[in-house]
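Residue-level structural notes
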Amino acid sequence: MFNRFLASIGIGNAKIDTVLEKSRYAPGEEVRGVVRMQGGSVDQRVETVQLSVMTEYIRETDDHKHRHHAEIARFHVTKPFTLQPNERQEVPFSFLLPNETPLTIGRAPVWIKTELDVRGAVDPGDSDRIEVQPSQGQHVVLEALSRIGFRLREAECQYAARLGGRLPFVQEFEFVPTTQFRGQLDELEVTFFNRGHELELLLQIDRKARGLGGWLSEAMDMDETFVRVTFSDGQLQQGPDAIAHQLADIIQRYV
């Protein structure tokens, strides 16, 4: 009875360790690995082993920035079972990394959180950081922006409940012009929305203030234009040069 009490408060409880096949993924890619478990001092009823894809986003309130954790997706990898004292088990798993997973560029951490849902006890857990690189379509767009003279300045996950859909945030990529649009734009913000066989971009085009009218527009946020553009897989397969030409034409209309 005393050992069961200790296990209920986390002493002598079961232990888990998640081992991923690799540490670098792209949105939409399959994540594979194994959850290793070792029983504690008493038998414990495990309701489920669940894996969550986690990240952080920033929400600004009263001029203060607060960081919040967000669960992007959750996956249950076992049915209920009993883990015997000191018993070792391994549970293989696989799932697709959600398309909404932010890229680990700038200050956007992503990790896989593993939890052992044990009845009547503190849930043991494990966290594993992963690197999320651009999908092929995102890579083409980022390279295209570089070719028309935009340099990535910052990437952050920002609270945006209306834009994020089922998630409370979106990842914003903030670029500054270095050549073609230098002197015309202050910055360009890009948000990606993976739509299966399409990649949608939300462009926030921030024009440079010119004269008194420009300064007034900037003060009233009238110098910003929001434009949505969608590229199909076929268009993206044409490569960065073709996408760069189309993006330059779109941006030029609003500078």
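Predicted model only: the values in this text are computed from it and were never measured. (Residues numbered from 1 in each chain as written. Predicted model: local features only at pLDDT ≥ 70, side-chain atom pairs only at ≥ 80, totals over all residues. Heavy atoms only, no water.)

**Let's talk about the overall build of the chain**
- Within the chain, the regular secondary structure consists of five helices and 14 strands.
- Taken over 255 residues, the chain has a buried fraction of 46%.
- For the chain, restricting intrachain contacts to residue pairs at least 6 apart in sequence, the fraction spanning at least 24 positions comes to 63%.
- Carbon together with sulfur atoms contributes 47% to the accessible area of the chain, which is approximately 13,600 Å² in total. (Helix = DSSP H or I, 4+ residues; strand = E, 2+ residues; numbered from the N terminus. Buried < 20%, exposed > 50% of the residue type's maximum accessible area, 1.4 Å probe, protein only. Contact = heavy atoms within 4.5 Å. Areas by Shrake-Rupley, 256 points an atom, 1.4 Å probe, with all protein chains shown as cover.)

**With respect to the pattern of salt bridges**
- Summed over all chains, the structure comprises 16 salt bridges.
- In this structure, Glu 21 engages Arg 32 in a salt bridge whose closest nitrogen and oxygen atoms are separated by 2.9 Å. Of this pair, Glu 21 sits in the loop between strand 1 (15-20) and strand 2 (24-25) while Arg 32 sits in strand 3 (residues 30-38), and the two are 11 residues apart along the sequence.
- Taken together, the shared-partner salt bridges connect Glu 21, Glu 30 and Arg 32 into one network. (Salt bridge = Lys/Arg side-chain N within 4 Å of Asp/Glu carboxyl O.)

**A look at the environment of Ser 127**
- Within the fold, Ser 127 resides in strand 9 (residues 125-132).
- C-alpha separation for the pair Ser 127 and Met 54, spaced 73 residues apart in sequence, amounts to 9.4 Å.
- Setting aside residues no more than four positions away along its own chain, Ser 127 makes contact with Trp 111, Ile 112 and Lys 113.

**Considerations on the sheet that holds strand 1**
- As summarised here, the arrangement of the three strands in space is 1-3-7, forming an open sheet in which the pairing is antiparallel. Among the strands making up the open sheet, the edge pair consists of strand 1 and strand 7 (88-96). Pairwise comparison of adjacent strand axes, ignoring direction, gives a mean angle of 20 degrees for this sheet. (Pairing = 2+ DSSP bridges. Axes fitted to C-alpha atoms, helices over the stretch in contact; angles between N-to-C directions.)

**Considering the pairing of strand 13 (residues 198-207)**
- The buried count for strand 13 comes to nine of 10 residues, which makes it a mostly enclosed element.
- A loop of three residues connects strand 12 (residues 185-194) with strand 13, the two strands running antiparallel in sequence, and Gly 196 in this loop sits at a positive phi of about 80 degrees.
- Alignment of strand 13 against strand 14 (residues 224-232), held across nine bridges, turns out to be antiparallel. The residue bridging Asp 206 from the neighbouring strand is Glu 224, located in strand 14.

**Let's talk about the nonpolar core**
- Core analysis: the largest hydrophobic core is formed by 60 residues, its most contacted members being Leu 201, Leu 203 and Leu 247.
- Top element by residues in this core is helix 5 (residues 240-252). It accounts for six residues.
- Ignoring sequence-local partners within four residues, the contact set of Leu 203 consists of Leu 188, Glu 189, Val 190, Thr 225, Phe 226, Val 227, Val 229, Leu 247 and Ile 250. (Core = buried A, V, L, I, M, F, W, Y, C linked by side-chain atoms within 4.5 Å.)

**Regarding helix 5**
- Under the 1.5 Å per step criterion, the end-to-end length of helix 5 is 18 Å for 13 residues, consistent within 8% with the ideal 18 Å.
- When helix 5 is considered as a whole, its buried residues turn out to be Pro 240, Ile 243, Ala 244, Leu 247, Ala 248, Ile 250 and Ile 251. Along helix 5, the residues classed as buried sweep out an arc of 165 degrees about the axis, all on the same side. In helix 5, the exposed residues that point more than 90 degrees away from the buried face are Asp 241 and His 245.
- Elements in contact with the buried residues of helix 5: helix 2 (136-147), strand 10 (150-159), strand 12, strand 13, strand 14 and helix 4 (233-236). (Expected span 1.5 Å × (residues − 1). Arc of directions from axis to C-beta.)

In short, geometric facts, not functional conclusions.
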